[in-house]
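A closer look at the structure
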Amino acid sequence: MTATYTQPANTAKQEWATGLTAFAAVMLFLVGLLDIFRGIMGIAEDDVFVTTRNYVFQWDLTGWGWMHLALGALAVIVSIGLLRTATWARVVGVAVAALVIIANFLSLPYYPVWSVVMITISGFIIWALCTVQRDNLFDLSEEGPRYEERQPPRTSYPHGPA
């Protein structure tokens, strides 16, 4: 007598992977939104930032604001793609988070605490996007089956129940 089992629609591994992707999408959206605000601040009122003398990576703060604005807008767009679990969004999300890390490293003298916070959040985004395997995800934009709706494993017998 042989028994065959079918797996439930979603496993704990899928839920964990989907949760990490949702985390990365939300955090990337927040990083993008905050970068947009930082960019607007740099463009409109560049005297808000403290300037340091003799800094190796000295930039015009208005140009710096445009860079943060562009990175922020790109991060928001990619976060929407992450909610759709698109593969391109995972790849671009890692790249955008890496660029945000570099941009915030270069702006450490202007806003040191804020830059460290943004670097840390972007590091978590990269970690979340790189640890999840693509085949463990299901679309976040559609509601997946709930925990209560899962069916228990079924047993099938070739000649009826024993």
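Now for a quick tour of the structure. Since this is a predicted model, take the numbers as computed values, not measurements.

**Comments concerning the overall build of the protein chain**
If you tally the helices and strands in the protein chain, you get 4 helices and 0 strands. When the helices and strands of the protein chain are listed from N to C terminus, the series reads α-α-α-α. In the protein chain, which comprises 162 residues, the proportion classed as buried is 33%. For the protein chain, restricting intrachain contacts to residue pairs at least 6 apart in sequence, the fraction spanning at least 24 positions comes to 79%. Counting every atom, the protein chain has about 9,900 Å² of accessible surface; 67% of that belongs to carbon and sulfur.

**Description of the environment of Ile119**
Along the polypeptide, Ile119 turns up in helix H4 (residues 112–131). In this structure, the C-alpha to C-alpha distance between Ile119 and Val100, residues 19 residues apart in sequence, is 7.2 Å.

**Section: H4**
The terminal C-alpha atoms of H4 lie 29 Å apart, and with 20 residues this matches the ideal 28 Å at 1.5 Å per residue to within 8%. Taken as a whole, H4 has its buried residues at Ser115, Met118, Ser122, Ile125, Ala128 and Leu129. Summarising the axial view, the buried residues of H4 lie within an arc of 150°, below the 170-degree limit, and thus occupy one face. The outward face of H4, more than 90 degrees from its buried face, is lined by the exposed residues Val113 and Cys130.

**Observations concerning the nonpolar core**
Counting residues in each nonpolar core, the largest one holds 21 residues, and the members touching the most others are Leu28, Leu82, Val96 and Ile125. Take this core: its biggest share by element is 6 residues, from helix H1 (residues 12–44).

**Comments concerning a nonpolar patch on the surface**
A surface patch of nonpolar side chains, about 830 Å² in accessible area, is lined by Val26, Phe29, Leu30, Leu33, Leu34, Phe37, Ile40, Val113, Trp114 and Val117. Those elements that place two or more of their residues in the nonpolar patch are H1 and H4. Among the elements that make up the nonpolar patch, the one with the highest residue count is H1 (7 residues). For Leu34, the location among the structural elements is in helix H1.

**A closer look at the packing of helix H2 (residues 61–83) against helix H3 (residues 87–106)**
Their axes nearest at 9 Å, the elements H2 and H3 cross at an angle of 155°. When the axis of H2 is compared with that of H3, the two are roughly antiparallel. The way H2 lies across H3 gives a crossing that is left-handed. Between H2 and H3, the residues in contact are Trp64, Met67, His68, Leu71, Leu74, Ala75, Ile77, Val78, Gly81 and Leu82 and Trp88, Ala89, Arg90, Val92, Gly93, Val96, Leu99, Val100, Ala103, Asn104 and Leu106, respectively. When its residues are assigned to classes, the contact of H2 with H3 shows 16 nonpolar, 4 polar and 1 charged.

**Some remarks on H3**
Over its 20 residues, H3 runs 29 Å from end to end, which matches the ideal 28 Å to within 8%, given 1.5 Å per residue. Residues Ala89, Arg90, Gly93, Val96, Ala97, Val100, Ala103, Asn104 and Leu106 constitute the buried set of H3.

**Structural notes on the side chain of His68**
You can see His68 is positioned in helix H2. Here the side chain of His68 touches Asp35 through a polar contact of 2.9 Å, side chain to side chain. A distance of 2.9 Å separates a polar atom in the side chain of His68 from a polar atom in the side chain of Trp64. Residues contacting His68, with those up to four places away along its chain left out, are Asp35, Ile36, Arg38, Gly39, Ala103, Asn104 and Ser107.

Analysis parameters
- Residues numbered from 1 in each chain as written.
- Predicted model: local features only at pLDDT ≥ 70, side-chain atom pairs only at ≥ 80, totals over all residues.
- Heavy atoms only, no water.
- Helix = DSSP H or I, 4+ residues; strand = E, 2+ residues; numbered from the N terminus.
- Buried < 20%, exposed > 50% of the residue type's maximum accessible area, 1.4 Å probe, protein only.
- Contact = heavy atoms within 4.5 Å.
- Areas by Shrake-Rupley, 256 points an atom, 1.4 Å probe, with all protein chains shown as cover.
- Expected span 1.5 Å × (residues − 1).
- Arc of directions from axis to C-beta.
- Core = buried A, V, L, I, M, F, W, Y, C linked by side-chain atoms within 4.5 Å.
- Patch = residues over 30% accessible without salt bridge, like charges linked within 9 Å, V, L, I, M, F, W, Y side chains within 5 Å.
- Salt bridge = Lys/Arg side-chain N within 4 Å of Asp/Glu carboxyl O.
- Axes fitted to C-alpha atoms, helices over the stretch in contact; angles between N-to-C directions.
- Parallel < 35°, antiparallel > 145°, perpendicular 65-115°, else oblique.
- Left-handed = near helix turned anticlockwise from the far one by under 90°.
- Nonpolar A, V, L, I, M, F, W, Y, C, P; charged D, E, K, R; others polar.
- Polar contact = N/O pair within 3.5 Å; in protein donor to acceptor, adjacent residues only side chain to side chain.

So, to be careful, I would describe these as geometric facts and stop short of saying anything about function.
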